[in-house]
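# Structural characterization, general
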2 protein chains.
Amino acid sequence: MRMMVRSVNRKMAIGWAKESKGCLSSTMTRASNTWKDNQSSQILLSPPLVTLDLPDIWAAKSTHYDPLSGQKISNVQIATVINGKLIAEEIRSRVASEVKRMKECIGKVPGLAVILVGERRDSQTYVRNKIKACEEAGIKSVMAELPNYCAEDDVMTAVLKFNEDPSVHGILVQLPLPEHLDEEKILNVLSLEKDVDGFHPINMGNLAMRGREPLFIPCTPKGCLELLIRSGVEIAGKKAVVIGRSNIVGLPISLLLQRHHATVSIVHACTKNPEQITREADLVVSAAGVPSLIRSSWLKQGSVVIDVGTCPIEDPSSGVWIPSCRDVCYEEALRLLLQLLPPYLEALDP
Amino acid sequence: MRMMVRSVNRKMAIGWAKESKGCLSSTMTRASNTWKDNQSSQILLSPPLVTLDLPDIWAAKSTHYDPLSGQKISNVQIATVINGKLIAEEIRSRVASEVKRMKECIGKVPGLAVILVGERRDSQTYVRNKIKACEEAGIKSVMAELPNYCAEDDVMTAVLKFNEDPSVHGILVQLPLPEHLDEEKILNVLSLEKDVDGFHPINMGNLAMRGREPLFIPCTPKGCLELLIRSGVEIAGKKAVVIGRSNIVGLPISLLLQRHHATVSIVHACTKNPEQITREADLVVSAAGVPSLIRSSWLKQGSVVIDVGTCPIEDPSSGVWIPSCRDVCYEEALRLLLQLLPPYLEALDP
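Below or above, wherever it landed, is the structure these notes cover. Every value quoted in this text rests on a predicted model; they were computed, and no experiment measured them.

Another aspect to go through is helix α3 (residues 84-106) of chain A. All names here are of chain A. The end-to-end C-alpha distance of α3, which contains 23 residues, comes to 33 Å, matching closely the 33 Å that a straight helix rising 1.5 Å per residue would cover. If you check which residues of α3 are buried, you get Gly 84, Ile 87, Arg 94 and Val 99. Near the N-terminus of α3, the side chain that reaches the backbone nitrogen of Lys 85, with its oxygen 3.1 Å away, is that of Asn 83. Positive backbone phi, approximately 70 degrees, marks Gly 107, located one or two places after α3.

If you want it as structure tokens, here you go:
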């Protein structure tokens, strides 16, 4: 099964798709009935990301306990390119149709509130994109814009107002906040049921703990899992390296990969020999935010690489801040691709 | 500096102490003033376990960013044995003197409430040991014993009663609970300020997240860190493998080691080649609960090994349940010790 080999450009991911029907379906069959019932749907549903808990049964004599036993997966692999934008379009289209159906059935649509403090150009761009995505999907969005030097109480009041508003179902506080504001204090008053960013420690704790379920999962890590699962990349039992340990990406992606039974190593700035450790990984998610940190010498043939590290820069022509300066040295990874067997390489944005 | 080479028996740890004064002091100097001010104390204070956050500054060209730069640590190592029981005695003695001082100053002592449901012999033994430790330290303890088939509401009522009791400062719900009881629901009503086990997801989330501080840290992982830090084992930058991913030990120890800037890999039942991954570690904490899982072939010379895995068995002579059947094959590890350069091996109990 050759997967998603579409236009090849900087916005794409390069990699391996298993020559097998087993990978994606193995995930699908482990999921809830709703998921199974909707397999026939033309648009792919999001697979359940955090319900794959397996009992920790250790096999005798160090042999591997295969959680997917019975699934025959061929070793034949074909170099392929994953189009992240296309997957995003599929998901957005699915969300739009769900919202439309919701409106028809109960006369309501989901509501998202965004709180933006200050005039950071990159934050303004991110917020604008979120509002635009809401519009396209039919989701109602409201925004509270506060000046850079507003009081902490003003932000708290905005959060509390949205907490109480029954037409608002999710609240995003755009981070980072100006330095004089206590991020922890502000996020702590955000209603758990509306913490769509999943940054509340109780959500993170529930993501970390076995047998628990968070109400929300941070969006970037969830997006990475979507890319992997929808591309038929096997996660269980794989050696995964997460580069970076931020609360927003590194930490939750490592917890998510572990929930999917990868063997996860977290590489960070204090790691000795990060290159060597990363080169051993079957699956690399880089979220360091350090331009060109990951050279081809950090990657092994056949590995899967997701690059979510960005250093936002301002486009001088438009004045718009765009995520750029990726963690992975794209050209080197491309050369590795051309040599023989490429790693997946996902540059989420150009 | 040869460290803690005292009586050698099954209750001990074997390993390396750095031939340097740098290791322990390097941790100490990074800590709070209170810690530094108390260095002269005859009894060692607990080092701060979760306040060592460093900025993630990545060095150019893959070189290691040394968080302890300026500290010269000699490479000369001496095989040594850590006496876990002695360290425990030091800590208990310190706690007792603190409690005594508290009583003299404010006329109050800390209070611990333990809730025991059912007649599991191992749980009864653990609870008895906790109550005894409280008595020895001058801590007031109260216990609520409930029958195996009690209603969920009865356990909740006991928790709520202790939540309200101002003389109770910590509450332990002895786990596992009988199967008909909803552990999550019961632990969720436990007052966060009294969750001395640190099992509430908000405590776990705060342990996981950078820049956050949990109110409490689960005791076994905290004990492992105490052993390492008090023995002068360097953690920052080391390759650590945690075997097992339970909410009680594996998860929090991996989060704690990461807070101390180790490069942590979590090995579990789905891991392929766990032996190979573990053999690469400088520091191994095993909490799988699988007897003799870790053979000498899993360990490398010079590594530090902490074994907290237990399978409790009943002593037929006394009827008392004792933790036994360790994860690490002790005899093989001893032979490794006798060969040339031993790993630390910590068997917390005989």
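So, next bit.
All right, on to the packing of helix α7 (residues 201-208) of chain A against helix α7 (residues 201-208) of chain B then. Where α7 of chain A meets α7 of chain B, the closest approach of the two axes is 7 Å, and the angle between their N-to-C directions is 90 degrees. Our classification of the angle between α7 of chain A and α7 of chain B gives roughly perpendicular. Judged by residue contacts, Pro 201, Ile 202, Met 204, Gly 205 and Asn 206 of chain A of α7 of chain A engage Pro 201, Ile 202, Met 204, Gly 205 and Asn 206 of chain B from α7 of chain B.

As for its placement among the helices and strands, Glu 314 of chain A is situated in strand β10 (residues 311-314). For the pair formed by Glu 314 of chain A and Asp 122 of chain A, sequence separation is 192 residues and the distance between their alpha carbons is 7.9 Å.

A few words on the nonpolar core. Looking at soluble globular proteins, one finds that nonpolar side chains tend to be buried together. If you look at the biggest cluster of nonpolar residues, it comprises 62 residues, and the most contacted ones within it are Leu 228, Ile 235 and Leu 257 of chain A together with Leu 228, Ile 235 and Leu 257 of chain B. Apart from residues lying up to four places away in sequence, Leu 257 of chain A is in contact with Leu 225, Leu 228, Ile 235, Ala 240, Val 242, Ala 262, Val 264, Leu 283 and Val 285 of chain A.

Of the transformation superimposing chain B on chain A, the axial component is 0.0 Å and the angular component is 180 degrees, with the fit at an RMSD of 0.1 Å. Here the copies are linked by what is in effect a two-fold axis. By residue overlap, the copies meet face to face through one surface: 100% of the interface positions of chain B are interface positions in chain A.

A few words on helix α5 (residues 152-164) of chain A. Residues and elements named next belong to chain A. Look at α5: 19 Å from first C-alpha to last across 13 residues, which is about the 18 Å you get at 1.5 Å a residue. Buried within α5 are the following residues: Val 155, Met 156, Ala 158, Val 159, Phe 162 and Asn 163. Looking down the long axis of α5, one finds its buried residues gathered within 155 degrees of arc, a one-sided arrangement. Facing away from the buried side of α5, by more than 90 degrees, are the exposed residues Asp 153, Lys 161 and Glu 164. Contact partners of the buried residues in α5: β3 (111-117), β4 (140-146), β5 (170-173) and α6 (183-189).

So, on to the pattern of salt bridges. Should the charged atoms of two oppositely charged side chains come close, the side chains can pair. Overall, the coordinates contain 30 salt bridges over all chains when judged by the stated rule. Between Glu 98 of chain B and Arg 101 of chain B there is a salt bridge; the shortest N-O distance is 3.3 Å. Taken together, the residues Glu 98 of chain B and Arg 101 of chain B, both in helix α3 (residues 84-106) and three residues apart, mark about one turn of the helix. Residues joined in a network through salt bridges with shared partners are Arg 92, Lys 132 and Glu 136 of chain A.

We now examine the sheet that holds β3 of chain A. In a beta sheet, neighbouring strands pair by backbone hydrogen bonds and run either parallel or antiparallel. All names here are of chain A. Ordered by their spatial adjacency, three strands build an open sheet running β4-β3-β5, and the pairing between neighbours is parallel. Where the open sheet ends on each side, the last strands, each with one partner, are β4 and β5. Averaged over all neighbouring strand pairs, the angle between strand axes comes to 15 degrees, with direction disregarded. Of the strand pairs in this sheet, β3 and β4 are connected by seven bridges, and their pairing is parallel. Paired with Ile 115 across the strands is Ala 144, a residue of β4.

Right, let's get into the interface of chain B and chain A. In this complex, chain B contributes 52 residues to the contact, which on the side of chain A involves 52 residues. Around 4,800 Å² of area is buried between chain B and chain A when both sides are counted, 57% of it from carbon and sulfur atoms. Between Glu 184 of chain A and Arg 212 of chain B there is a salt bridge, with its nearest N and O atoms 3.9 Å apart. Counting across the interface, chain B meets chain A through 13 residue pairs in polar contact (both at pLDDT 80 or more).

What follows concerns the environment of Val 95 of chain B. Residue and element names in this part refer to chain B. By secondary structure assignment, the location of Val 95 is in helix α3. Given a relative accessible area of 31%, Val 95 falls into the partly exposed group. Taking the C-alpha atoms as reference points, Val 95 and Ile 139, separated by 44 residues in sequence, lie 9.2 Å from one another. If we skip the residues at most four places from it in the chain, Val 95 touches Ala 137 and Ile 139.

Mapped onto the fold, Asn 203 of chain B is located in helix α7. Residue contacts for Asn 203 of chain B: discarding those within four places in its chain leaves Leu 192, Asp 195, Gly 198, Pro 214, Leu 215 and Phe 216 of chain B.

All names here are of chain B. At their nearest, the axes of helix α8 (residues 219-230) and helix α9 (residues 250-259) sit 8 Å apart, and the two run at 40 degrees to each other. In terms of orientation, α8 lies oblique with respect to α9. For the pair α8 and α9, the sense of crossing is right-handed. Each of Pro 221, Lys 222, Cys 224, Leu 225 and Leu 228 in α8 lies in contact with α9, whose residues at this interface are Pro 252, Ile 253, Leu 256 and Leu 257.

Let us now look at the side chain of Lys 238 of chain B. If you trace the backbone, Lys 238 of chain B turns up in the loop between α8 and β6 (239-243). Taking relative accessible area as the criterion, Lys 238 of chain B reaches 17% and is therefore assigned buried. When residues no more than four places from it in sequence are discounted, the contact partners of Lys 238 of chain B are Lys 272 of chain A together with His 261, Ala 262, Thr 263 and Asp 282 of chain B.

Residue and element names in this part refer to chain B. The three strands lie next to each other as β4-β3-β5, forming an open sheet whose pairing is parallel. Unpaired on one side and paired on the other, β4 (140-146) and β5 (170-173) mark the two borders of the sheet. When the angles between neighbouring strand axes are averaged without regard to direction, this sheet yields 15 degrees. As judged from the four bridges shared by strand β3 (residues 111-117) and β5, these two strands associate in the parallel manner. For Ile 115, the partnering residue across the bridge sits in β5 and is Val 173. Against the sheet, helix α4 (residues 121-137) makes contact with β3, β4 and β5, and its axis sits at roughly 170 degrees relative to β3, the strand it touches most.

Another point: the pairing of strand β7 (residues 263-267) of chain A. Residues and elements named next belong to chain A. Buried residues dominate β7, accounting for five of its five residues. Neither face of β7 is exposed, since Thr 263, Ser 265 and Val 267 on one face and Val 264 and Ile 266 on the opposite face are all buried. For the handedness criterion, the β-α-β arrangement of strand β6 (residues 239-243), helix α9 (residues 250-259) and β7 is classed as right-handed.

Rules used throughout
- One numbering rule holds for all chains: residues counted from 1, following each sequence as written.
- Each chain is given a letter, starting from A, and each ligand a number, starting from 1, according to the order in which they appear as written.
- Reporting in this predicted model follows two pLDDT cut-offs: at least 70 for local features of residues, and 80 or more for side-chain atom pairs to be given and counted; totals over whole chains, interfaces and linings ignore these cut-offs and use all residues.
- Calculated side-chain values reflect all of the structure's heavy atoms, with hydrogen atoms and water omitted.
- Helix and strand labels come from DSSP, where a helix needs a run of H or I of at least four residues and a strand needs a run of E of at least two; each type is numbered from the N terminus.
- Take the residue count of a helix, subtract one, and multiply by 1.5 Å to get its expected span.
- Using a 1.4 Å probe on the protein chains alone, a residue whose accessible area is under 20% of its type maximum counts as buried, one over 50% counts as exposed, and one in between counts as partly exposed.
- Counted as a polar contact is a pair of N or O atoms within 3.5 Å, where, for protein atoms, one must be capable of donating a hydrogen and the other of accepting one, and residues adjacent in sequence contribute only when both atoms are in side chains.
- Note on geometry: axes are C-alpha line fits, over the in-contact stretch for helices, and angles between N-to-C directions span 0 to 180 degrees.
- Each angle receives one of four descriptions, namely roughly parallel if under 35 degrees, roughly antiparallel if over 145, roughly perpendicular if within 65 to 115, and oblique otherwise.
- We call two residues in contact whenever any of their non-hydrogen atoms come within 4.5 Å of each other.
- For our purposes a nonpolar core is just a set of buried Ala, Val, Leu, Ile, Met, Phe, Trp, Tyr and Cys residues, chained together by side-chain atoms within 4.5 Å.
- Here the copies are superposed with least squares, the fitted atoms being C-alpha atoms of residues at a pLDDT of at least 70 in both.
- The directions from the helix axis to the C-beta atoms form the arc being described.
- For salt bridges, the criterion is a side-chain nitrogen of Lys or Arg within 4 Å of an Asp or Glu carboxyl oxygen.
- In short, DSSP must find at least two bridges between two strands for them to pair.
- Note on terms: buried area is the combined drop in 1.4 Å-probe accessible area of two parts once they are placed together, counting the loss on both.
- Crossing chirality is assigned from the near helix's rotation relative to the far helix, an anticlockwise turn below a right angle marking it left-handed and a clockwise turn marking it right-handed.
- With the strands pointing away from the viewer, any crossover whose connection runs clockwise from the first strand over the helix to the second is right-handed.

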